[in-house]
Amino acid sequence: MRPTVDELKSLWLHAYSRSSLIQADGWVVDLETTDPPTTKYRALVSAIIVAYCRPFTKSQVTRSERVVPLAGVEPPAELELTHSNLIGLRDKVIGHADALPAKGHDETPNKVLISRDATGFNLHTVLTSDIAPEERQKVRQLCRHFIDYCDEKLNPLMAKFAGDVPALPGAYEVMITAEPEEWLKAVATDTWERMQGSG
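Residues numbered from 1 in each chain as written. Predicted model: local features only at pLDDT ≥ 70, side-chain atom pairs only at ≥ 80, totals over all residues. Heavy atoms only, no water.

Visitor: Would you explain the environment of Ser84 in this entry?
Guide: Relative to the helices and strands, Ser84 is located in helix α3 (residues 80-94). What makes Ser84 partly exposed here is its relative accessible area of 38%. (Helix = DSSP H or I, 4+ residues; strand = E, 2+ residues; numbered from the N terminus. Buried < 20%, exposed > 50% of the residue type's maximum accessible area, 1.4 Å probe, protein only.)

Structure below.
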């Protein structure tokens, strides 16, 4: 039985969301063993925020349709502040640079500084964002919560359409198409091997 377009969209959106949350969770683990304020540390903070927030920002699923993959899926009440802080960091610091503070904050993390010395002055930009050690476990709990939600949506679809996946070993891209177009497209082995490293 071939998946409907809505089932294919659901499969794509929840698989993509799940993958992003698994990446964010893994990068939180990496952050624990990375010394601040190194470039790698700052890159991991940015990567965690971007990957975590992907399921809560619009994705283009068809030429005419943009949806927020996990719209309406709430975090646990005790983690709601951490969730909204991550979204705020993505919106005000990582994805955009706003001069105004995010809602609920007193100052902006995006600062322009002037340093003066005997030769004159220079302009510098400073980004003050971090994920405090006590917040990291909360980020991991949020990831687990939303991964479990994605699994609840994906498992029935995978079971329903398992018989349609070719029996030969290989990789297949899920295509959001309507009948009579194919919904699975074989991916070349070398392409698949390169993609494996991307999460």
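Structure's up, so let's keep going.
Visitor: Sorry if this is basic, but what is going on with the packing of aromatic side chains here?
Guide: For any pair of aromatic rings, geometry is given as the distance between the ring centres together with the angle between the planes. One pass over the full model with this rule turns up five aromatic pairs. With a centroid separation of 5.0 Å and an interplanar angle of 70 degrees, the aromatic rings of Phe56 and Phe146 are classed as edge-to-face. Taken together, the residues span a long stretch of sequence, with Phe56 in the loop between α2 (39-53) and β1 (59-62) and Phe146 in helix α4 (residues 133-161) at a distance of 90 residues. Residue Phe146 is classed as buried on the basis of its relative accessible area of 0%. With a centroid separation of 6.1 Å and 65 degrees between ring planes, the pair formed by Phe161 and Trp183 is classed as edge-to-face. Here the residue Phe161 occupies a position in helix α4, and Trp183 occupies one in the loop between β5 (171-174) and β6 (184-187), the gap between them amounting to 22 residues. In this pair, the class of Phe161 matches that of Trp183, namely buried. Through a chain of ring-to-ring contacts, the aromatic side chains of Tyr52, Phe56 and Phe146 assemble into a single cluster. (Phe/Tyr/Trp six-rings, centres within 6.5 Å; stacked < 30°, edge-to-face > 60°.)

Visitor: Is there a simple way to explain the packing of helix α1 (residues 5-32) against α2 in this structure?
Guide: When two helices pack together, you describe them by how their axes are tilted relative to each other and by the distance separating the axes. The contact between α1 and α2 brings their axes to 8 Å, and the two run at 155 degrees. In terms of their interaxial angle, α1 and α2 are classed as roughly antiparallel. Here the hand of the crossing between α1 and α2 comes out left-handed. Every residue of α2 that contacts α1 at Ser20, Leu21, Gln23, Ala24, Trp27, Val28, Asp30 and Leu31 is listed here: Tyr41, Leu44, Val45, Ala47, Ile48, Ala51 and Tyr52. Residue composition of the contact of α1 with α2, grouped by class: 12 nonpolar, two polar and one charged. (Axes fitted to C-alpha atoms, helices over the stretch in contact; angles between N-to-C directions. Parallel < 35°, antiparallel > 145°, perpendicular 65-115°, else oblique. Left-handed = near helix turned anticlockwise from the far one by under 90°. Contact = heavy atoms within 4.5 Å. Nonpolar A, V, L, I, M, F, W, Y, C, P; charged D, E, K, R; others polar.)

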